[in-house]
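Residue-level listing of the chains:
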Amino acid sequence: MSPLWATVSDRSPKVSVLMTTYRHENFIRRALDSVLEQQVDFDYRIVITEDGSDDATAAIVTDYARRHPDRIDAVCNETNRGSYPAAIQTWARATGQYYAFLDGDDYWDDPTKLQVEVEYLDRHPECVLVFHPVEVLAMDGASSILYPPRRKPRYTIRDLMQLPIMATSSVVARHSEGVPFPSWFDPDEGLPG
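These remarks concern the structure in this document. (Residues numbered from 1 in each chain as written. Predicted model: local features only at pLDDT ≥ 70, side-chain atom pairs only at ≥ 80, totals over all residues. Heavy atoms only, no water.)

## Regarding the sheet that holds strand β4 (residues 98–101)
Phase 1 of the analysis: With respect to topology, six strands assemble into an open sheet ordered β3-β2-β1-β4-β8-β5, the strand pairing being mixed. Two strands close off the open sheet at either side, each with one partner strand: β3 (72–77) and β5 (129–130).
Phase 2 of the analysis: This element, helix α3 (residues 83–93), spans β1 (15–21), β2 (44–51), β3 and β4 of the sheet and lies at about 150° to β2.
Phase 3 of the analysis: Along the sheet, helix α4 (residues 113–123) contacts β1, β4, β5 and β8 (172–174); its crossing angle with β8, the most-contacted strand, is approximately 30°. (Pairing = 2+ DSSP bridges. Helix = DSSP H or I, 4+ residues; strand = E, 2+ residues; numbered from the N terminus. Contact = heavy atoms within 4.5 Å. Axes fitted to C-alpha atoms, helices over the stretch in contact; angles between N-to-C directions.)

## As for the side chain of Ser 170
Phase 1 of the analysis: Relative to the helices and strands, Ser 170 resides in the loop between α5 (157–162) and β8.
Phase 2 of the analysis: Reaching out from Ser 170, the side chain makes a polar contact with the backbone oxygen of His 132 at a distance of 3.4 Å.
Phase 3 of the analysis: A polar contact is formed between the side chain of Ser 170 and the backbone oxygen of Ala 167, at a distance of 2.7 Å.
Phase 4 of the analysis: When neighbours within four sequence positions are excluded, Ser 170 is seen to be in contact with Lys 113, Glu 117, Val 130, Phe 131, His 132 and Val 134. (Polar contact = N/O pair within 3.5 Å; in protein donor to acceptor, adjacent residues only side chain to side chain.)

## Quick look at the side chain of Lys 113
Phase 1 of the analysis: Checked against the element boundaries, Lys 113 lands in helix α4.
Phase 2 of the analysis: Polar side-chain contacts of Lys 113 include one of 3.1 Å to the backbone oxygen of Ser 170.
Phase 3 of the analysis: Once you skip the residues sitting within four places of it in the chain, Lys 113 turns out to touch Gln 38, Trp 108, His 132, Ser 169, Ser 170, Val 171 and Val 172.

## A closer look at the nonpolar core
Phase 1 of the analysis: Ranked by size, the top nonpolar core spans 27 residues in total, and within it Val 15, Val 17, Met 19 and Leu 114 carry the most contacts.
Phase 2 of the analysis: Within the residue set of this core, elements represented by two or more residues are β1, α1 (28–36), β2, α2 (57–67), β4 and α4.
Phase 3 of the analysis: Other than its neighbours up to four places away in sequence, Met 19 contacts Ile 28, Ala 31, Leu 32, Ile 46, Val 47, Ile 48, Thr 49, Thr 90, Leu 102, Asp 103 and Gly 104.
Phase 4 of the analysis: Ranked by size, the runner-up nonpolar core spans nine residues in total, among them Phe 101, Phe 131, Val 171 and Ala 173. (Core = buried A, V, L, I, M, F, W, Y, C linked by side-chain atoms within 4.5 Å. Buried < 20%, exposed > 50% of the residue type's maximum accessible area, 1.4 Å probe, protein only.)

Okay, here's the thing in structure tokens:
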């Protein structure tokens, strides 16, 4: 069986998994492992920005990138730039038909997550993204289901604008080539609120 990748830069993957991480030394291994354990029939890569953590996060990310050069495109910032500039830095390196999102302190517990969501988007070109409910685990072991607050088979842009209905770690979105960030978006400020 031939490998899915020769090197990260050989060709564009079908999916880029976008990750940013900061001070996540206790969580980043599980996050990265949950992506590397995905069972898919397409190419994917992890595009991760470690944002100048003062703990062992950068060392862990660097070790994973060294051990998985065919899957992981990692940049470790020397100083903390902030979450929005780090996210923009990650987006700028991403390629592919779809983008999946995962923060460094989250993980996927289903090894077929990417396959299921990508197959859905492949079958439904009218949809721009998919997402699913997310279980939130507190440090004390308590759990709760987060988003969506009410389930519908399809959501509109109006639904998205009215209230938060999805957790970032559940999203796989269609990449639209050549669609820049809007002029009002300042990566140093974040989204207007």
